[in-house]
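Residue-level listing of the chains:
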Amino acid sequence: MKNAPINLLNFDREGLESLFVEMGEQRFRASQAMKWIYGEQQLDINSFTNFSKTLRETLTEQCVAAVPELLSEQVSVDGTIKWLLKVDDVNAVETVYIPEKNRGTLCVSSQVGCTLNCTFCATGAQGFNRHLSTAEIIAQVWVAAKQLGHSLSDRKITNVVMMGMGEPLANYSRVLPALNIMRDDFGFGFANRRVTVSTAGLVPYINQLNEDADVSLAISLHAPFDELRNQLVPLNKKYDIKTLLAACKNFVKDKRKARITIEYTLIDGMNDQPEHAHALCKLLKQLPSKINLIPFNPFPGNQFKQSKPAAIEQFKQICMKHGLITTVRKTRGDDIAAACGQLAGDFMDRTRRSAELKKLQLEVVA
Ligand code: SAH
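Residues numbered from 1 in each chain as written. Predicted model: local features only at pLDDT ≥ 70, side-chain atom pairs only at ≥ 80, totals over all residues. Heavy atoms only, no water.

(A) Representation of the nonpolar core. Y38, I157, M182, L209, I219, I260 and L280 are the most contacted members of the largest nonpolar core, which has 104 residues in total. Among the elements that line this core, the one with the most residues is helix α5 (residues 134-148), at 10 residues. Aside from chain neighbours lying at most four places away, what touches L280 is L221, P224, I262, Y264, I291, F315 and C319. Core analysis: the next-biggest nonpolar cluster, separate from the first, contains five residues, V96, C107, V161 and A338 among them. (Core = buried A, V, L, I, M, F, W, Y, C linked by side-chain atoms within 4.5 Å. Buried < 20%, exposed > 50% of the residue type's maximum accessible area, 1.4 Å probe, protein only. Helix = DSSP H or I, 4+ residues; strand = E, 2+ residues; numbered from the N terminus. Contact = heavy atoms within 4.5 Å.)

Spelled out as structure tokens, the structure:
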């Protein structure tokens, strides 16, 4: 049987260089191929006109440049766009574009479902199916760029955040090359600070990311006390708040001006009281950080409620009085279920989470 073709989108520049060298080709073919794929949005290898005919023939025998099929595009009344991409016969993932006055943020998924089971998140509630490949991750940027008419000279997307479905650091080996392509001049050319990895707190991989990629980091904290955080983010039982914040401190240590974004979803009566705000600020005193408050977005089957506007405002005021930069994330795209925590994608097999959890050795009750 013939092997499945190699998808060129699965490799960052270094990976592509090795691939070309293995094929007896020159290294610089890697950046040329990337220019075609990401710069020119050309997926037809036969149209790579600076490649010789023989090279194109050899390449097309073994390789493809392929992105998932676009199943749907939904546009919210506020301009937010959600795309559903078919990644295989039973799975689809969501990517969301959030246009604002001076920026356009693309929210990218890293897994089909999620293993972490945070109690207030729709993706978690749905279980875990599988990791996305590097190609499936970077293709989300590719498809969004194509749909938006984004180019190097007309940058519709200014920021990429790994805040879609899944826990990016639980899929580290595939996410890292995608982060590299996003920031590569022959890829999408985003500045380091404009690519953000958001994590619920997989500490060993925060440390690894610090070694491997100069990107921005966001932490889904959601509670200043371990007992409460254990309930909201079960991963906290493995890496508690103190351990997590120590890793964050280390992450920004030698980076000028870098700040960690602390994401804090406000849930009515759970974590939105003044005592929580004060405790949060105390925790963040020694950490260059900014707080992003996210009003909880409800979803079917979940009993939590969004904090009252007055509680949100009070929480924000307390944080600001402590001298912390604090913003409230506007709820965007909720009419098309594109808001934070509402991304559920579409997939069939929900049975694999426990096996995957065992692999991660998390003491999480699924
Ligand atoms: N697993 C990563 C990436 C997901 S990012 C992480 O945990 O950071 C999605 C962000 O939205 C996270 O901060 C998450 O905690 C938050 N979120 C999840 N469900 C939500 C909901 N229902 N309402 C508001 N925010 C939510």
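(B) How the structure looks around the site of the ligand. Taken together, 22 residues form the shell around the ligand, and within it F120, S198, S220, H222 and N297 come nearest. In this structure, a nitrogen atom belonging to the ligand sits 2.8 Å away from a main-chain N or O atom of F120. One nitrogen or oxygen atom from the side chain of T265 is found 3.2 Å from a nitrogen atom belonging to the ligand. Calculation on the ligand without its partners gives an accessible area of 540 Å², and the protein chains cover 95% of this total. Going through the elements one at a time, β10 (195-199), β12 (260-266) and β13 (289-295) are the ones with two or more residues in the shell around the ligand. The residue makeup of the shell around the ligand, split by class, is 11 nonpolar, nine polar and two charged. (Near = heavy atom within 4 Å. Polar contact = N/O pair within 3.5 Å; in protein donor to acceptor, adjacent residues only side chain to side chain. Areas by Shrake-Rupley, 256 points an atom, 1.4 Å probe, with all protein chains shown as cover. Nonpolar A, V, L, I, M, F, W, Y, C, P; charged D, E, K, R; others polar.)

(C) Expanded view of the state of the cysteines. In the structure shown here, the tally under the stated rule is zero disulfides. With no disulfide of its own, C114 has C118 as its nearest cysteine by sulfur position, at a separation of 6.5 Å. Residue classification places C114 among the buried positions, given a relative accessible area of 8%. Unpaired in terms of disulfides, C281 finds its nearest cysteine sulfur in C319, a separation of 3.9 Å. (Disulfide = S-S within 2.5 Å.)

(D) Molecular detail of the pattern of salt bridges. Inspection of the entire model under this criterion finds 12 salt bridges. A salt bridge links E136 to R130; its shortest N-O distance comes to 2.9 Å. An identical accessibility class is assigned to E136 and R130; each is buried. The partner of D268 in a salt bridge is K308, with the nearest N and O atoms 3.5 Å apart. With a gap of 40 residues between them, D268 in the loop between β12 and α10 (274-284) and K308 in the loop between β13 and α11 (309-321) connect regions that are remote in the sequence. Note on K308: relative accessible area 48%, which makes it partly exposed. Connected via shared salt-bridge partners are D88, R130 and E136. (Salt bridge = Lys/Arg side-chain N within 4 Å of Asp/Glu carboxyl O.)

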